[in-house]
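Notes for the structure review
Read off the chains here:
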Amino acid sequence: MGGKGSRLSFSQSVDHMADRAFRALQLEEGVASAIKACNEVYQVRFPVEIRGRLEVFTGWRAVHSTHRLPAKGGIRFAPIVDQDEVEALAALMTYKCAIVNAPFGGSKGGLRIDPTQYDRGEMQRITRRFARELARKDLLDPATNVPAPDVGTGEREMAWIADTYKHLHPEDINYAACVTGKPVTHGGIAGRKEATGLGVVFALREFFRHPEDVRAAGLDGGLGDKQVIVQGLGNVGYHAARVLDEQDNARIIAVIERDGAVCNEAGLSIERLHQHLCEHGGVKGFPDAIYHEEGAGVLEMPCDILIPAALEAQIHEGNAERIQARLIVEAANGPVTFEADEILRRRGITILPDAYVNAGGVTVSYFEWVRNLAHIRFGRMEKRFEEVRGEHILEALRTITDQPIPDFIRQELARGPSELDLVRSGLDDTMRSAYQELREVYLSNDRVDDLRTAAYVVAIEKIARSYLDVGVY
Ligand code: GLU
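My aim in this report is to walk through the structure given alongside it, one point at a time.

What counts and how
- Residues numbered from 1 in each chain as written.
- Predicted model: local features only at pLDDT ≥ 70, side-chain atom pairs only at ≥ 80, totals over all residues.
- Heavy atoms only, no water.
- Near = heavy atom within 4 Å.
- Polar contact = N/O pair within 3.5 Å; in protein donor to acceptor, adjacent residues only side chain to side chain.
- Areas by Shrake-Rupley, 256 points an atom, 1.4 Å probe, with all protein chains shown as cover.
- Salt bridge = Lys/Arg side-chain N within 4 Å of Asp/Glu carboxyl O.
- Helix = DSSP H or I, 4+ residues; strand = E, 2+ residues; numbered from the N terminus.
- Buried < 20%, exposed > 50% of the residue type's maximum accessible area, 1.4 Å probe, protein only.
- Pairing = 2+ DSSP bridges.

1. What about the site of the ligand?
Around the ligand, a shell composed of 14 residues is seen, among which Lys96, Lys108, Pro149, Asp150 and Ser365 lie nearest. At 2.8 Å from an oxygen atom of the ligand is found a side-chain nitrogen or oxygen belonging to Lys96. Note that an oxygen atom of the ligand is positioned 2.6 Å from one of the side-chain N or O atoms of Ser365. Its free accessible area being 290 Å², the ligand has 95% of it covered by the protein chains.

2. Some thoughts on the pattern of salt bridges
Scanning the entire structure with this criterion turns up 40 salt bridges. The partner of Asp248 in a salt bridge is Arg205, with the nearest N and O atoms 2.8 Å apart. Placement of the pair is Asp248 in the loop between α8 (235–246) and β8 (251–257) and Arg205 in helix α6 (residues 195–208), with a sequence separation of 43 residues. Its salt-bridge partner being Arg345, residue Asp450 comes within 3.2 Å of it at the nearest N-O pair. Linking Asp450 in the loop between α16 (419–444) and α17 (451–470) with Arg345 in helix α11 (residues 338–346), this pair joins segments that are 105 residues apart in sequence. Taking the relative accessible area as the measure of exposure, Asp450 reaches 10% and is therefore buried. The exposure class of Arg345 is partly exposed, given its relative accessible area of 28%. Connected through shared salt-bridge partners, Arg20, Glu330, Asp341, Glu342, Arg345, Asp354, Asp449, Asp450 and Arg452 make up one network.

3. What about the pairing of strand β5 (residues 105–112)?
Most of β5 sits inside the fold, with 7 of its 8 residues counted as buried. Relative to β5, strand β3 (residues 71–72) runs parallel, the two being bridged by 2 bridges. Within β5, the position partnered with Lys72 by the bridge is Gly106. Direction of pairing for strand β4 (residues 75–78) relative to β5: parallel, over a ladder of 4 bridges. Of the residues in β5, the one forming a bridge with Arg76 is Gly110.

Spelled out as structure tokens, the structure:
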């Protein structure tokens, strides 16, 4: 899965990228190997009765690291998943969690299935059976391994997984923390669904707060009116593109989906396009846009920012030379192969790397896990207190200044934060600080000449410190 014509598998591609950071850090070979190795992979085959016949499904859960527990990472349901892929994705989870200071090890799961071929009841039986298999091996547990949504899974599957665990462990008071990305009505947290997409936007906004970085990428100004191409309007791509379109005034000039691409130089309405996609199952036929059947070619169109938000290995040796974007923002995991990355580096194209850019999902998963363990909604204790304090500040301003206070300031001051406000603020702060940290490494370390290597350096320094401090036993 390293990409079209790639000699490297996905996990080798990730390892090669990490190797640049190991070289920059001049870490001992043994430490590097210990960090890179995937600790454990479990493969399971189980039968489920579907429409009167037994069908056998194959699934995996890889645990890349346990220097922090639980190990964390999504479960994907897709027709093409294999062991190498989950190992690569688990490794990315290790680095990702370290970059955003989410105190987890890295893990990832996959089930080989085409979810479009099964109805709701069948999907429920299959998911619950997979969850039982994982729970039997401590690969579903609030303390050791906590899955989450990924490609092909969402709140619905997480609710079934949580419920399966609860029935297996009725005595575990922390059962809700066995999985994240649950519906809000079943112990989920407000804002988790859109967290990865919003995290991508927060990362981009932070990048544009540094004019030197923007200039180094061959761009100028802010996000407004930048021409953006998005690949994939799934959970991550949709929320990222919608916010960029509606709040940042970026111009989404093309969207690439499974059935082709739609383009409009003046900008596409993401909300309307998403509605069309939900109704028709594809982007074809969307009004006010030019349709291209060959979606992959649209990756090579001129634009300022390219956001691959679909699957891995979309930018590979075969097309990297023709990419015209100035900035690539990796909303997906592993969308650029190692070989393509080398080409893009040589061509001076800036990449905001996956392990940083899409870490918003696991960041809010962390908040959800903490909320489940604390058994209380964020903001519950202080909301009214903050409101009263706001009223007092307004009262004081009124007595001192005698000036009318604009309505919107009055409303904002006298409002206590909701859980969603707190989640968004925590996510924004996390994405900002993480960028500043990796930028600092990029600017200060002569051996680091791109942001991806900087991100890996940030992650590996933290992981290595944790190994070296505690020792290996
Ligand atoms: N599947 C998501 C990712 O790749 C989320 C993982 C999580 O929340 O644990 O980052």
